[in-house]
Amino acid sequence: MSGRGRPRGFDKEEVLERAMELFWRKGYEATSMIDLITTMGIGSPSLYAAFGSKEELFRQALDFYRATEGRKIWGCLTRKGTAFAAVESYLMQSARVFSRPDKPPGCLVVLSALHPAEHSDTVRQTLIEMRSRSVADLMQRLQQGIAAGEISPEVDLAAIARYYVTVQQGMSIQARDGASRRELEMIAQAALASWPTLVDADR
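Per chain, residues are indexed from 1 in the order of the written sequence. Only residues with pLDDT of 70 or above have their local features reported here, since the model is predicted, and side-chain atom pairs are shown and tallied only from 80 upward, although totals for entire chains, interfaces and linings are computed over all residues. Excluding hydrogens and water, the side-chain figures rest on all heavy atoms present in the structure.

### Re the UniProt feature "DNA-binding region" (unreviewed entry) in the protein
No. 1: UniProt positions are given in the numbering used here, feature names are shortened, and annotations may be inferred rather than shown by experiment. In the numbering used here, UniProt assigns the "DNA-binding region" (unreviewed entry) feature to residues 32–51.
No. 2: For residues 32–51, helix accounts for 80% and strand for 0%, while the C-alpha atoms at its two ends are 15 Å apart. Labels follow the DSSP assignment, with helices taken as runs of H or I lasting at least four residues and strands as runs of E lasting at least two, numbered in each case from the N terminus.

### Thoughts on the confidence of the model for the protein
No. 1: Across the protein, pLDDT averages 90, with 92% of residues at or above 70.
No. 2: Every residue is assigned a pLDDT by the predictor, reflecting its confidence on a scale from 0 to 100. Mean pLDDT values over the elements of the protein span from 81, in helix 6 (residues 76–79), up to 98, in helix 11 (residues 181–192).
No. 3: This stretch, residues 1–7, has a pLDDT under 50; its non-local contacts, to residues over four places away or in other chains, come to zero contacts. We call two residues in contact when some of their heavy atoms are within 4.5 Å.

### Focus on helix 3 (residues 44–51)
No. 1: Type-normalised accessible area, obtained with a 1.4 Å probe on protein chains alone, sets the label of each residue: buried when under 20%, exposed when over 50%, and partly exposed for intermediate values. Turning to helix 3, its buried residues number three or more, namely Leu-47, Ala-50 and Phe-51. Angular distribution of buried residues about the axis of helix 3 spans 80°; they occupy a single face of the element. Turned more than 90 degrees from where helix 3 packs its buried face, Pro-45 and Ala-49 sit exposed.
No. 2: Buried-residue contacts for helix 3 involve helix 1 (12–26), helix 2 (33–40) and helix 4 (54–67).
No. 3: Where helix 3 terminates, the next one or two residues include Gly-52, which has phi positive at roughly 80°. Read the arc as the range of directions from the helix axis to the C-beta atoms.

Structure, rendered in structure tokens:
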């Protein structure tokens, strides 16, 4: 017999966005189930029925973040014509996204679980893998720059990719500490000034 049971009674995407912003603002460890129930506006049975555990809810929040907020930063890698323009947009979009007044500052993936804890180590490992994937994704875009003649084939692409991802992650921490969009853009511009030296093996 189909159609049995009561409807969930809430918009799953809407409450997931609320959970995402709570994890983003407070971090995984500091966010309690009471915090989540209060912020999401649903009862404990509904939360567990829809999302399972706190860890599973966090993983779904990460997926939602990557599909929404992350796309605003990473979408530029394929849209921009040159490798430099892609890296420039990546950093400048990060400055914008990390400093919006209507969202928590910084990046959920960078800030939500930095310290090891026995009962949340699998979460931390997931975030480490996501940050490593950022380096790999940027490195792949830089590889196209070699094919296009923008970047010397002799340079260490992994080091360049890691450098710019590290700058972006530092911008996330600066944003959490209160840096403005303009201040973050100045950090990005300083890092971009080193581009000619980084991509030319003869310099």
